[in-house]
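Single-letter residue listing:
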Amino acid sequence: MAKAQHKTFVDTCPCGSGGPYAQCCGALHAGQKPADAEALMRSRYAAYVLKNDAYLLESWHPDTRPDRIEHEPGTRWLGLKVLSHTVLDSTHAEVLFEARYRVGGGSAVRMRERSRFVLWNDRWVYHEGDLIPA
């Protein structure tokens, strides 16, 4: 996996685990394999917070991966809540989550998504997701 191409230091992991970044999502951003789809999803949220585009792209299945990540200017991520993690079989899983963010000085927005993950080349990767109206 790609190492972060930025110099952001984070004490507490942005994924909401409460643990230190270096031992949580930071380890995954540095190349450790995620244990399951939920760990990957949390690490991808942290990568969005930290704008670690290389990790986001490498943790995305090549069949659905975009050419680049586009961040809306002024977006500030406010928090993540994992609502469920469902193992469908040995190579497929879903994670339902809610993320909160604010763009500029606007109101906070809740985004709810059911993300689908696959075990590909012995590593969990994001495949696709569906936004769910709040």
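Calculation criteria
Every chain begins its residue count from 1, and numbering advances along the sequence as written. This being a predicted model, a pLDDT of at least 70 is required before a residue's local features are given, and a value of 80 or more before pairs of side-chain atoms are given or counted; all residues contribute to the totals for chains, interfaces and linings. No hydrogens and no water enter the side-chain calculation; it runs on all heavy atoms of the structure. For two strands to pair, DSSP has to find at least two bridges joining them. Each helix is a run of H or I in the DSSP string that is no shorter than four residues. Each strand is a run of E no shorter than two, and both are numbered from the N terminus. In this analysis an axis means a line fitted to C-alpha atoms, helices contributing only their contacting stretch, and an angle means the value between N-to-C directions, from 0 to 180 degrees. We call two residues in contact when some of their heavy atoms are within 4.5 Å. We define a salt bridge as a contact between a side-chain nitrogen of Lys or Arg and a carboxyl oxygen of Asp or Glu at a distance within 4 Å. Residue exposure (1.4 Å probe, protein chains only): buried if accessible area is under 20% of the type maximum, exposed if over 50%, otherwise partly exposed. For this analysis, a nonpolar core means a set of buried residues of the types Ala, Val, Leu, Ile, Met, Phe, Trp, Tyr and Cys, connected via side-chain atoms within 4.5 Å. The predictor reports its confidence for every residue as pLDDT, a score running from 0 up to 100. Stacked, edge-to-face and tilted are the three classes for Phe, Tyr and Trp ring pairs, Trp counted by its six-membered ring, which pair at centre distances within 6.5 Å; planes under 30 degrees apart are stacked, over 60 edge-to-face, the rest tilted.

**Describing the sheet that holds strand S1 (residues 75-89)**
Phase 1: Strands sit in the order S1-S2-S3-S4 across an open sheet of four strands; the sheet is antiparallel. The open sheet has two free edges, formed respectively by S1 and strand S4 (123-132), since each of these has just one partner strand. Going from strand to strand, the sheet's axes swing by 25 degrees on average, the running direction of each strand aside.
Phase 2: Relative to strand S2 (residues 92-103), S1 runs antiparallel, the two sharing twelve bridges. Residue pairing for S2: Leu80 is matched across the bridge by Ala99.
Phase 3: In the packing of helix H2 (residues 37-50) onto the sheet, the strands contacted are S1, S2, strand S3 (108-120) and S4, and the crossing angle to S1 comes to about 165 degrees.

**Some points on the pattern of salt bridges**
Phase 1: Tallying each qualifying case throughout the model produces seven salt bridges.
Phase 2: Taking the shortest distance from any N to any O, the salt bridge between Glu98 and Arg112 comes out at 2.9 Å. Here Glu98, found in strand S2, pairs with Arg112, found in strand S3; they are 14 residues apart in sequence, far enough to count as distant.
Phase 3: For Glu98, a relative accessible area of 8% puts it in the buried group.
Phase 4: Put simply, Glu128 and Arg116 hold a salt bridge, and the shortest N to O gap is 3.5 Å. You can see Glu128 sitting in strand S4 and its partner Arg116 sitting in strand S3, a full twelve residues away along the chain.
Phase 5: Take Glu128: its relative accessible area is 34%, and that puts it in the partly exposed class.

**Regarding the nonpolar core**
Phase 1: Grouped together as the largest cluster of nonpolar side chains are 19 residues, with contacts concentrated most on Ala37, Met41, Phe117 and Trp124.
Phase 2: Elements with a contribution of two residues or more to this core: H2, helix H3 (53-58), S2 and S4.
Phase 3: Examining the composition of this core, we find that five residues originate from one element, H2, more than from any other.
Phase 4: When neighbours within four sequence positions are excluded, Trp124 is seen to be in contact with Pro34, Ala35, Asp36, Ala37, Leu40, Ser90, Thr91, His92, Ala93, Phe117, Val118 and Leu119.
Phase 5: Of all hydrophobic cores here, the second largest spans six residues; its members include Cys13, Cys15, Ala46 and Leu50.

**Some remarks on the confidence of the model for the protein**
Phase 1: Taken over all residues, the pLDDT of the protein has a mean of 92, while the share at 70 or more is 93%.
Phase 2: Every residue in residues 1-7 scores below 50 in pLDDT, and together they form 19 contacts with partners more than four places removed in sequence or on other chains.

**Quick look at the packing of aromatic side chains**
Phase 1: This structure, assessed with the given rule, holds five aromatic pairs.
Phase 2: Aromatic pair Trp60 and Tyr126: ring centres 5.1 Å apart, planes at 90 degrees, arrangement edge-to-face. Placement of Trp60 in the loop between H3 and S1 and of Tyr126 in strand S4 is noted, with a sequence separation of 66 residues between them. Both residues of the pair, Trp60 and Tyr126, belong to the buried class.

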